[in-house]
Amino acid sequence: MTDPQLVVDGTPVARYVLAPDLDVRHGPRPYLHPVRTLAGTQVTDVLPADHVWHLGASLAVQDVAGTNLWGGRTYVRGTGYTWRADHGRIVHTGWEHLATDRLDHRLHWCDPEGRVLLTERRVLTASAVPGQRSAWRLDLTSTLAAPTDRDVTLGSPATNGRPGGAGYGGFFWRAVAAEPPEVFTARLAGEEQVNGCAEPWVAMRARAPEGGAYTLVFNGLGDGDRWFVRTAMYPGVCVAFAFEQTRTIPAGTSRRGHYRVVVVDGQLDRDTAAALARH
């Protein structure tokens, strides 16, 4: 089927790629790309040369009970990043609702043999921001459910021994920028301060290679989540599930997250970003 699009007030703002035809080492999974501002500036990147497995805006974890669903090499304690035959897939299994402003579907998180590690119900919505003609809002709600017979542990390179605040894995947005972007919260600024924090919101301010200026305002940390951000190596923001410690979804239970991104034309100041985060 044709990949669905999200539309706000008649303007297409995002394409949702359901079943990408990718090498399993790139962590095949549904993702949003391109995502655009209302003026048409592209604010996501896909298959970038520096990290080919970065896929627009997506939900993935590098260590799900030993399966790599993020893509790329796996961080092995005492060894470092290593290519392993441990890559799984996140696959769309059916629609609950399909419209231009709301995508509601079911997914399976699978190990390399295709066995289901987690089931997921995911809802994506796109909406206008009242009083803000240059902004729209993406909401993504995800409920990850463990099977009834076993716990499922979520980990990251950091929980597997990598130093340097590399606890990525969760809802991740690979942005695009002509030069290193700025990241800030209500109190903090810069990658060194923001990475690993638990502030209520994070903003990324950048200029796309095509010239358009934009700002992304993220919120949605759950209990124990942290912000993973990069600006110098590449532009990216992640709601990280296992930034310092592994997280477990006990058998027969679920983990629910709600992530919100306001996509704005122009470079916003801190007060305006804070107001949008509270909206």
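Above this text you will find the structure in question.
Bear in mind that the values here come from a model prediction, so they are computed numbers and not experimental data. (Residues numbered from 1 in each chain as written. Predicted model: local features only at pLDDT ≥ 70, side-chain atom pairs only at ≥ 80, totals over all residues. Heavy atoms only, no water.)

Peer 1: Account for the overall build of the protein, with residues named and values stated.
Peer 2: When you go through the protein residue by residue, the secondary structure sums to two helices and 20 strands. Relative to the globule expectation of 19 Å for 279 residues, the C-alpha radius of gyration of the protein, 18 Å, shows essentially globular dimensions. Seen through its principal axes, the protein has C-alpha atoms that stretch 50 × 40 × 35 Å. Buried positions account for 54% of the 279 residues belonging to the protein. Looking at the protein alone, contacts between residues at least 24 apart form 60% of all its contacts between residues at least 6 apart. Total accessible area on the protein is roughly 11500 Å²; 46% of this is exposed by carbon and sulfur atoms. (Helix = DSSP H or I, 4+ residues; strand = E, 2+ residues; numbered from the N terminus. Rg over C-alpha atoms; globule rule 2.2 N^0.38 Å. Buried < 20%, exposed > 50% of the residue type's maximum accessible area, 1.4 Å probe, protein only. Contact = heavy atoms within 4.5 Å. Areas by Shrake-Rupley, 256 points an atom, 1.4 Å probe, with all protein chains shown as cover.)

Peer 1: Which residues make up the sheet that holds strand E2 (residues 11–17), and what are the values?
Peer 2: The seven strands are arranged E1-E2-E3-E4-E13-E18-E17 in an open sheet whose pairing can be described as antiparallel. With one partner strand each, in any of the chains shown, strand E1 (5–8) and strand E17 (226–230) form the two edges of the open sheet. Direction aside, neighbouring strands of the sheet carry axes that sit 20° apart on average. Across four bridges, the pairing between E1 and E2 is antiparallel. When the sheet's bridge partners are listed, Val7 is paired in E2 with Pro12. (Pairing = 2+ DSSP bridges. Axes fitted to C-alpha atoms, helices over the stretch in contact; angles between N-to-C directions.)

Peer 1: Explain the packing of aromatic side chains to me, using residue names and the numbers behind them.
Peer 2: Tallying each qualifying case throughout the model produces nine aromatic pairs. Ring geometry for Tyr75 against Tyr81: centres 5.0 Å apart, planes inclined by 85°, an arrangement best described as edge-to-face. Pairwise contacts between aromatic rings join Trp70, Tyr168, Phe172 and Phe228 into one cluster. A cation over an aromatic ring shows up here: Arg255 above the ring of Phe241, its NZ or CZ 4.0 Å from the ring centre. (Phe/Tyr/Trp six-rings, centres within 6.5 Å; stacked < 30°, edge-to-face > 60°. Lys NZ or Arg CZ within 6 Å of the ring centre and 35° of its normal.)

Peer 1: Tell me what's going on with unusual backbone geometry, and back it up with residues and numbers.
Peer 2: Here the residue pair His33 and Pro34 is connected by a cis peptide bond, since its omega of -5° sits within 30 degrees of zero. Tracing the backbone shows Pro34 in strand E3 (residues 31–35). In the Ramachandran plot, Asp9 falls in the positive-phi region, its phi being about 50° despite a non-glycine side chain. Here Asp9 shows up in the loop between E1 and E2. Although it is not a glycine, Leu47 sits at a positive phi angle of roughly 50°. Position of Leu47 relative to the elements: it lies in the loop between E3 and strand E4 (57–60).

Peer 1: With reference to specific residues and values, describe the sheet that holds strand E9 (residues 102–110).
Peer 2: Read from one edge to the other, the open sheet built from eight strands follows the order E8-E9-E10-E11-E20-E16-E15-E14, with strand pairing classed as antiparallel. Two strands lie at the open edges of the sheet, namely strand E8 (89–98) and strand E14 (182–184), each paired on one side alone. Taken pair by pair, the neighbouring strands of this sheet meet at an average axis angle of 20°, ignoring direction. With 11 bridges joining them, strand E11 (residues 132–145) and strand E20 (residues 254–265) adopt antiparallel strand pairing.

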